[in-house]
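These are the residues of each chain, in order.
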Amino acid sequence: MAKVLVTGGAGYIGSHTCLELLNAGHEVVVLDNLSNSSEESLHRVQALASKTLDFVQGDIRDQKILDQIFQTHQIDAVIHFAGLKAVGESQQIPLEYFDNNIAGSISLFQAMQRARVFKLVFSSSATVYGESNISPLNEDMPTGMPTNNYGYTKLIVEQLLQKLSAADERWSIALLRYFNPVGAHKSGQIGEDPQGIPNNLMPYVTQVAVGRREKLAVFGHDYDTPDGTGVRDYIHVVDLANAHLCALNNRLDTQGCRVWNIGTGNGISVLQVKNTFEQVNGVTIPFEFVARREGDVATCFADNTRALKELGWTPKYGLEDMLADSWNWQKQNPNGYRD
Ligand code: NAD
Ligand code: WQD
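What comes next is a walk through the structure.

Basis of the calculations
- Residues numbered from 1 in each chain as written.
- Chains lettered and ligands numbered in written order.
- Predicted model: local features only at pLDDT ≥ 70, side-chain atom pairs only at ≥ 80, totals over all residues.
- Heavy atoms only, no water.
- Helix = DSSP H or I, 4+ residues; strand = E, 2+ residues; numbered from the N terminus.
- Rg over C-alpha atoms; globule rule 2.2 N^0.38 Å.
- Buried < 20%, exposed > 50% of the residue type's maximum accessible area, 1.4 Å probe, protein only.
- Contact = heavy atoms within 4.5 Å.
- Areas by Shrake-Rupley, 256 points an atom, 1.4 Å probe, with all protein chains shown as cover.
- Lys, Arg positive; Asp, Glu negative; His and termini not counted.
- Charge placed at Lys NZ, Arg CZ, Asp CG, Glu CD.
- 1 Å grid on protein atoms, 1.4 Å probe; cavity = no way out; pocket = protein on both sides within 12 Å on 5 of 7 lines; lining within 4 Å.
- Points joined across faces, edges and corners; volume = space filled by probe spheres on them.
- Nonpolar A, V, L, I, M, F, W, Y, C, P; charged D, E, K, R; others polar.
- Salt bridge = Lys/Arg side-chain N within 4 Å of Asp/Glu carboxyl O.
- Pairing = 2+ DSSP bridges.

With that settled, consider the overall build of the protein chain. Per the secondary structure count, the protein chain includes eleven helices and 14 strands. Against the globule reference of 20 Å for 339 residues, the protein chain gives a C-alpha radius of gyration of 19 Å, in line with a compact fold. Across its three principal axes, the protein chain shows a C-alpha extent of roughly 55 × 45 × 40 Å. Out of the 339 residues in the protein chain, the part that is buried amounts to 57%. A fraction of 79% describes how many contacts in the protein chain between residues 6 or more apart in sequence connect residues 24 or more apart. Accessible area of the protein chain: about 14,400 Å², with a carbon and sulfur share of 48%. For the protein chain, the centre of its 28 positive side-chain charges and the centre of its 38 negative side-chain charges are spaced 3 Å apart.

If you want it as structure tokens, here you go:
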């Protein structure tokens, strides 16, 4: 069993990962500045696990807090989720993104090195793949120049980590390229809780279903896809959380830096998401077609063979589970953690 520092552990993917870590018997320390989350998620994680974790409210750019954590706790490995993730916002306030995501990551890696902790799992994104690649995307395909600053920060941190592990063989790093995380824990106690108007499809759909938004705008229906709407690889957040545990186990006794795609390998269209959500949950989602959203690609889904083979990870949940669980969370928490 390991003692794991989880940065950004109060967030959507982080909270689900903390729960799986506790359930598997690991010890957890969370560092989160709560800029996009609430401590309530961690209260619920601890209640669900009937176990406690240590929470430190603070910023990954704060070297003093980091040193304090590494001095107080015998950390074996770090799972690094902390960062900003809104694509549109990253175009408006690029420096915030460079500072939180790039400078913040460097600050964390420096503190890890001072503390001689060299095992790391990093949240990357399928957005780092070049647009000319054709799905299914595999890890050997070239990365591109992301069209937005958020994606750029992920690419830069990936490259920094590759160079770091090439220069210093003590590092053992997993770069997980997530596809589209959706869903929530079966209990409906923890889930995705975006501030303001959701940027992503799934929270938008659930907010329409619960009456917080009038209708879904489907961005483009003239793509070269079976029904004309965008195709993505949706992955249940609990499957994604478990991929971190598999990557952690893999890295505990291996050196170097390795990339893994974390997706189901299934391409699902926006209309399929909407229609299946209606069928599974017995609710209607009013919608309209609008223009394409700038920067969107027609199709993006994973070749996940490497993760299945090397990590011994298997996604368990299908689209219907993802949509039922997203709705179960939203229904029980119409205003997220702010109830
Ligand atoms: P989230 O916003 O719910 O979680 C991120 C957490 O990090 C939040 O709790 C936030 O308060 C915290 N945080 C932000 N900046 C911080 C800082 N400087 N110091 C300390 N804490 C800070 O997002 P999420 O969806 O859980 O994403 C987790 C990670 O996965 C992010 O790095 C994100 O870029 C990456 N990712 C997410 C998706 C997705 O679609 N959700 C896809 C690919 C990659
Ligand atoms: C999915 C599909 C939209 C909203 C983004 C980031 C990516 C990663 C995951 C972090 C697309 C369509 C959406 C809406 C719609 N994040 N859509 N109406 O764009 O695949 O990926 O989140 O790393 O970097 O770019 O996800 O959920 O925004 O969109 O029609 O209101 O739904 O056009 O086809 P995306 P998404």
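Read on for the rest.
This structure, assessed with the given rule, holds three cavities of 30 Å³ or more. If you add up the space inside the largest cavity, you get close to 90 Å³. Forming the walls of the largest cavity are Tyr12, Val182, Gly183, Glu192, Pro194, Met202, Pro203, Thr206, Ser326, Trp329 and Gln330. Looking at the lining of the largest cavity, the elements with two or more residues in it are α7 (201–209) and α11 (319–332). Considering only residue class, the lining of the largest cavity consists of six nonpolar, four polar and one charged.

It is possible for side chains bearing opposite charge to pair when their charged atoms get close. Summed over the entire model, instances satisfying the criterion amount to 18 salt bridges. Lys3 is the partner of Glu27 in a salt bridge, and the nearest nitrogen-oxygen pair spans 3.9 Å. You can see Glu27 sitting in strand β2 (residues 27–32) and its partner Lys3 sitting in strand β1 (residues 3–7), a full 24 residues away along the chain. Given a relative accessible area of 15%, Lys3 falls into the buried group. A salt bridge links Lys215 to Glu288, with the nearest nitrogen and oxygen atoms 3.8 Å apart. Separated by 73 residues along the polypeptide, Lys215 in the loop between α7 and β8 (216–219) and Glu288 in strand β13 (residues 287–290) bring together distant segments of the chain.

One open sheet accounts for three strands, arranged β12-β9-β14; its pairing is mixed. For this open sheet the edge positions go to β12 (268–269) and β14 (299–300), each flanked by a neighbour on one side alone. By the bridge criterion, two bridges tie strand β9 (residues 231–232) to β12 in an arrangement that is antiparallel. When the sheet's bridge partners are listed, Val231 is paired in β12 with Ser269.

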